[in-house]
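Overview (structure and organization)
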Amino acid sequence: MLALLLLLQAPGPSSAAVVEGKGSPTAEIPRLESAVQIDGKLDEPVWSQATRLTGFWQYQPVDGRPAEEETEVLAWYAPDAIYFGIIAHDRNPSAIRATVADRDNIDNDDYVVLDLDTFHDRRRAFFFAVNPLGVQADGVRSEGAGQVSSLIPGSVDNNPDFTWQSKGRITDRGYEVEIRIPFRSLRYPGSGPQSWGFNVTRVVQRTGYTDTWTDVRRANASFIGQEGAIGGLHDMRHGVTVEAQPFVTATANGSRDGVSGQFTREDVNPDAGLNLRLGFSNYALDATANPDFSQVESDEGQVTVNERFALFFPEKRPFFLEGIELFGSPQTLVYTRRIVDPKAGAKVTGKFGQLGVAHLTAVDETDAGDAWFNISRFRRDFGRNSIAGVTFTNRDQSGSHNRVLAADFRYVWSLYYTQFQYGRSWTTGSRSAPIWQAEYDRTGRSWGFNYLLNGQGDGFDAQAGFVNRLRSNVVNGHAFNRFTLYGARGALLENLTVFFGPERTWLYDHFGFKPGLEGREQVDATFQLRGGWELNGHGERNFVNFQDSTFAGYTIGSAAGPAYRPVDDFSGFTGTVKVTTPTWRQLGATVSYGRGRAAIFQEGTTGRGWQLVGGVDLRPTSTVRITALGTLFRLFRLDGKEFARSTIPRLKLEYQPNRALFFRAIGEYRSERRAALLDPATGDSLFVGGTAQPATEFNGFRLDLLASFEPTPGTVAFLGYGSSLESDAEFNWSRLQRVNDGFFVKLAYQVRR
């Protein structure tokens, strides 16, 4: 009888705490001296003692409703790691989307995201995402780092990679995933008693629904600020994490001589380097010597003809990614891809109480000599969600310098936030110049707005940052408004969101006194339909007041001809429609088409054009992915003659027999041409700086091949080949000629203690 009583009192599934997500609850999770095998099966006895998180809510497309699919998350921790078990129920398991994907490439699958706000500051969270097979995606979600107002406030950076374990499987009731996250892979205040901010997000692709554990509402300026928490954490064992990653590389590049036409290949160029990292519970020290920062995937093509803006490409290089979110500020004053070919670098990032600290020093090798970068960012939290910070960047090279110092402030309350930044640059050979920003935002459920002004004084230069315009001396502002209507449960139209408002750009000294230099009024409507379909319509009126100073070096007919001045300013309407299909099990697609009048900036006149963009994602099996993208752009003068065109098809093939082994082939063809510049009034040639501007044409193909073996983050073997080919005729494959190419091998082994 005594044995029977003891058995009845033993822990079982019903003895575990159950916490529903209504509001922002704190779930106490147990500390258990145990370990489990990460195999995707929640069958060990310890799982019956885990705290069970239930009661999920729909967030997209309609917030505040109980989730249509049931989700449960089990949580407990051991001295060295925290464990999660995900039970994702699905009424139609055969429709679950899951592939053996590459890391961070699960957006087209069903997936679940765990947000761990380890400092519980409601401003930044590590996220760990898994698809139904346990394939991983991870990174950092942050707020107040220059994001544009959106339906989900904040920004998500998938590039940082952490070391953790996960395994999943599809069952007859949905899918289950088992997760282990070592404490040494996280940063947190220390080993004393603490609670961490926590939330769970689940995405179901076939319906287009997004659910969250806490009932996150769209009528709030902060997504992270509506998190719950996990408590009962104490005596976690982190210690000092020592990571060393020695690596060797070898390249063999070839190029074609422009005079002789001969293609020659240089000797194999071996190299070696070392990355070091010391990780403490709340900060990390990183150093690198002779780093390899080679890109193993070409950046996706963008249309550049008739373009006046710098192109932004995300940072993907490992050394820069540790704590990269701590460098974020309202304007992008830190853009580490400015450091192109560093010899060495060192970095410290961390959080001490309410103070975030980030500093980077690097030596960049250039043709003009070494350039030294020193970049610092300090950020202090105050209130529930607000921050204040200061950023300093310095680039020194051959006796010249560029320095930027800026302070910023962001205050968040209820549905609103306001944000300010002011700074200056000091550059050798030019006077100092200011940069500033003022922003006011309301994120309501049915009505929201974002009002913004950015100013860049004459001569402002951020050589360690990214400034979108290729010029300074402007003020840019917009007054965007949003209205959202929600459909009833089961209705065809689930969500209709309309954005509208004006945008203006002024010359810096004319702001507030003269009409805008250019601008637009726009309206954008997005229809989210039941079943995952999305329709979008966009219309806008653009105008440009061409400035004579822009064409100061232009002459008509010859270098000594009369000065050229635009006859008329530009004004015109454009419209775009876009259709996005649901993410079906083996297929997803999107297509957009836009047309209307457009400014021809090189000639200071009016044209008309159209652009067609489409993409298809195919998943014929769980291990094969095919992505086809295409862009067609055409711009005509008003007399019907073509001024410019771009045709950019891109095909990516991926084969992944298992999570460690990966093969990829990317082919991108680019065909671009632009007519000779002409005076629209007379048809005579235009000369710029005394030189005629003839027609230009480029036809080229880029091929990138990669074989990768990456059993754990940091331990990799890459074998790659890239080749650029050019032709003198559009889509004439038989006349493509190799211009340059290169073989690339990298072997790296990460030791972690």
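Read on for an overview of the structure. Because the structure is predicted, anything quoted here is derived from the model rather than measured. (Residues numbered from 1 in each chain as written. Predicted model: local features only at pLDDT ≥ 70, side-chain atom pairs only at ≥ 80, totals over all residues. Heavy atoms only, no water.)

**Quick look at the environment of Glu178**
- Relative to the helices and strands, Glu178 is located in strand β13 (residues 174-182).
- Taking the C-alpha atoms as reference, Glu178 lies 44 Å from Thr576; in sequence the two are 398 residues apart.
- Reaching out from Glu178, the side chain makes a polar contact with the backbone nitrogen of Gly40 at a distance of 3.0 Å. (Helix = DSSP H or I, 4+ residues; strand = E, 2+ residues; numbered from the N terminus. Polar contact = N/O pair within 3.5 Å; in protein donor to acceptor, adjacent residues only side chain to side chain.)

**What about unusual backbone geometry?**
- Gln60 connects to Pro61 through a cis peptide bond whose omega is 0°.
- As for its position among the elements, Pro61 is in the loop between β4 (57-60) and β5 (65-66).
- One non-glycine residue, Arg122, lies in positive phi territory at about 60°.
- Looking at the element boundaries, Arg122 is found in the loop between β8 (111-117) and β9 (124-130).
- In this structure, Ser398 is a non-glycine residue whose phi angle is positive, near 50°.

**Quick notes on the sheet that holds β13**
- Spatial ordering of the open sheet is given by β1-β3-β6-β7-β13-β12, a layout of six strands whose pairing is mixed. Strand pairing shows two members of the sheet lacking a second neighbour, β1 (18-20) and β12 (165-171), which therefore form its edges. Across the sheet, the axes of successive neighbouring strands diverge by a mean angle of 15°, strand direction being ignored.
- Taken together, the seven bridges between β12 and β13 define a ladder with antiparallel strand orientation. Of the residues in β13, the one forming a bridge with Gln165 is Arg180. (Pairing = 2+ DSSP bridges. Axes fitted to C-alpha atoms, helices over the stretch in contact; angles between N-to-C directions.)

**Regarding the pattern of salt bridges**
- The final tally for this structure, using the stated rule, is 46 salt bridges.
- With a shortest N-O distance of 3.6 Å, Glu68 and Arg91 are connected by a salt bridge. One end of the pair, Glu68, is in the loop between β5 and β6 (71-78); the other, Arg91, is in the loop between β7 (81-89) and β8, with 23 residues separating them in the sequence.
- Put simply, Arg645 and Glu730 hold a salt bridge, and the shortest N to O gap is 3.5 Å. Taken as a pair, Arg645 in strand β38 (residues 642-655) and Glu730 in the loop between β43 (715-727) and β44 (737-748) lie far apart in primary sequence, 85 residues in all.
- Accessibility expressed as a relative area gives 15% for Arg645, which makes it buried.
- Of the residues examined, Glu730 reaches a relative accessible area of 29% and is grouped as partly exposed.
- Taken together, the shared-partner salt bridges connect Glu68, Glu69, Asp90, Arg91, Arg202, Arg206, Arg489, Glu494 and Arg530 into one network. (Salt bridge = Lys/Arg side-chain N within 4 Å of Asp/Glu carboxyl O. Buried < 20%, exposed > 50% of the residue type's maximum accessible area, 1.4 Å probe, protein only.)

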